[in-house]
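The lines below spell out each chain.
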Amino acid sequence: MVFVAVTFALALAIVLGAYWVFVARLEEKEQTEVRGRIRFRGESSPLRGLGVLKEADRLSAIGVLDEFLGRSGALTGKLQELIGLSGLKVTVAVVVLASMAGALVGYVAVQFAALPVWARLLAAVLGALLPYAALRFMVRRRMGQFEEQLPEAIDVIARTLRAGHAFTTGL
């Protein structure tokens, strides 16, 4: 019985070893080469020039601020989505820094008016929310334009299809 078990183990080792040498190792090598071609650092890659790969959106042009904002995940994700919907070409860091500047300006402006502390804090909060409110306004305006133009675009596509043109021509 021991002889049968040893023979089975030896045959299994030979089959798995041959599989690893002739199949798995080669597949792993090919995958590594493909990943190496895809994961590049410079602009010299042919894929980046063709627009095949989407470059990750930077949160800031300042490296330290980009790393800091990158670690705050969910908060910056929602803000980045809002910026994308607004159609503005700004980064998350610009909005965050504008909020900080708005808070500072609101606080200082009310401090010079010699109002109580609660009024200063309220002005700082309102100043900080101003860039976010502007983003929300831009999103509403852009979505309104989209909703206004959508029926006309669908009508144009429908007319081109009725005329016998291809769908891509209608687009």
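Below is a summary of the structure that appears in this document. Only a predicted model underlies this, so the values are computations on that prediction, with no experimental measurement involved.

In terms of helices and strands, the protein chain carries seven helices and zero strands. Taken from N to C terminus, the helices and strands of the protein chain fall in the order α-α-α-α-α-α-α. Per-residue burial over the protein chain gives 18% buried out of 171 residues. Pairs at least 24 apart in sequence give 46% of the contacts found in the protein chain among residues at least 6 apart. Surface accessibility of the protein chain: about 13500 Å² in total, with carbon and sulfur atoms responsible for 68%.

Okay, the pattern of salt bridges next. Evaluation of the coordinates by the stated rule reveals one salt bridge. Ionic pairing is found between R159 and D155, a salt bridge with its closest N-O pair at 3.3 Å. Within this pair, R159 and its partner D155 are both found in helix α6 (residues 117-162), separated by four residues, close to a single helical turn. With a relative accessible area of 37%, D155 lands in the partly exposed category.

Turning our eyes to something else, we now look at the environment of V96. Within the secondary structure, V96 sits in helix α5 (residues 92-112). What makes V96 partly exposed here is its relative accessible area of 27%. Along the backbone, V96 and A128 are 32 residues apart, and their C-alpha atoms lie at a distance of 8.6 Å.

Let's shift gears to a nonpolar patch on the surface. Together, L85, M143, F146, L150 and I154 make up an exposed nonpolar region whose accessible area comes to about 430 Å². Of the residues forming the nonpolar patch, the biggest block, four residues, is contributed by α6. Considering the arrangement of structural elements, one finds M143 in helix α6.

Okay, the environment of V139 next. Structurally, V139 can be placed in helix α6. A relative accessible area of 9% places V139 in the buried class. When the C-alpha atoms of V139 and I83 are compared, they prove to be 8.1 Å apart, with 56 residues separating the residues in sequence.

In this section: the nonpolar core. Inside soluble globular proteins, nonpolar side chains tend to come together where they are buried. The biggest cluster of nonpolar side chains holds seven residues, and these are L79, L82, I83, V92, V95, L135 and V139. With near-sequence residues (within four places) excluded, V95 lies in contact with L79, I83, V90, P131 and L135.

The next subject is the packing of α5 against α6. Contact geometry for α5 and α6: axes closest at 7 Å, N-to-C directions at 150°. Between α5 and α6, the angle is such that the two are roughly antiparallel. You can see that α5 and α6 cross each other, and the crossing is right-handed. Between α5 and α6, the residues in contact are V95, A98, S99, G102, A103, G106, Y107, V110 and Q111 and A119, R120, L121, A123, A124, G127, A128, P131 and L135, respectively. Here the contact of α5 with α6 is built from residues that sort into 12 nonpolar, five polar and one charged.

So, how was this worked out
- Residues numbered from 1 in each chain as written.
- Predicted model: local features only at pLDDT ≥ 70, side-chain atom pairs only at ≥ 80, totals over all residues.
- Heavy atoms only, no water.
- Helix = DSSP H or I, 4+ residues; strand = E, 2+ residues; numbered from the N terminus.
- Buried < 20%, exposed > 50% of the residue type's maximum accessible area, 1.4 Å probe, protein only.
- Contact = heavy atoms within 4.5 Å.
- Areas by Shrake-Rupley, 256 points an atom, 1.4 Å probe, with all protein chains shown as cover.
- Salt bridge = Lys/Arg side-chain N within 4 Å of Asp/Glu carboxyl O.
- Patch = residues over 30% accessible without salt bridge, like charges linked within 9 Å, V, L, I, M, F, W, Y side chains within 5 Å.
- Core = buried A, V, L, I, M, F, W, Y, C linked by side-chain atoms within 4.5 Å.
- Axes fitted to C-alpha atoms, helices over the stretch in contact; angles between N-to-C directions.
- Parallel < 35°, antiparallel > 145°, perpendicular 65-115°, else oblique.
- Left-handed = near helix turned anticlockwise from the far one by under 90°.
- Nonpolar A, V, L, I, M, F, W, Y, C, P; charged D, E, K, R; others polar.

By themselves these figures say nothing about function.
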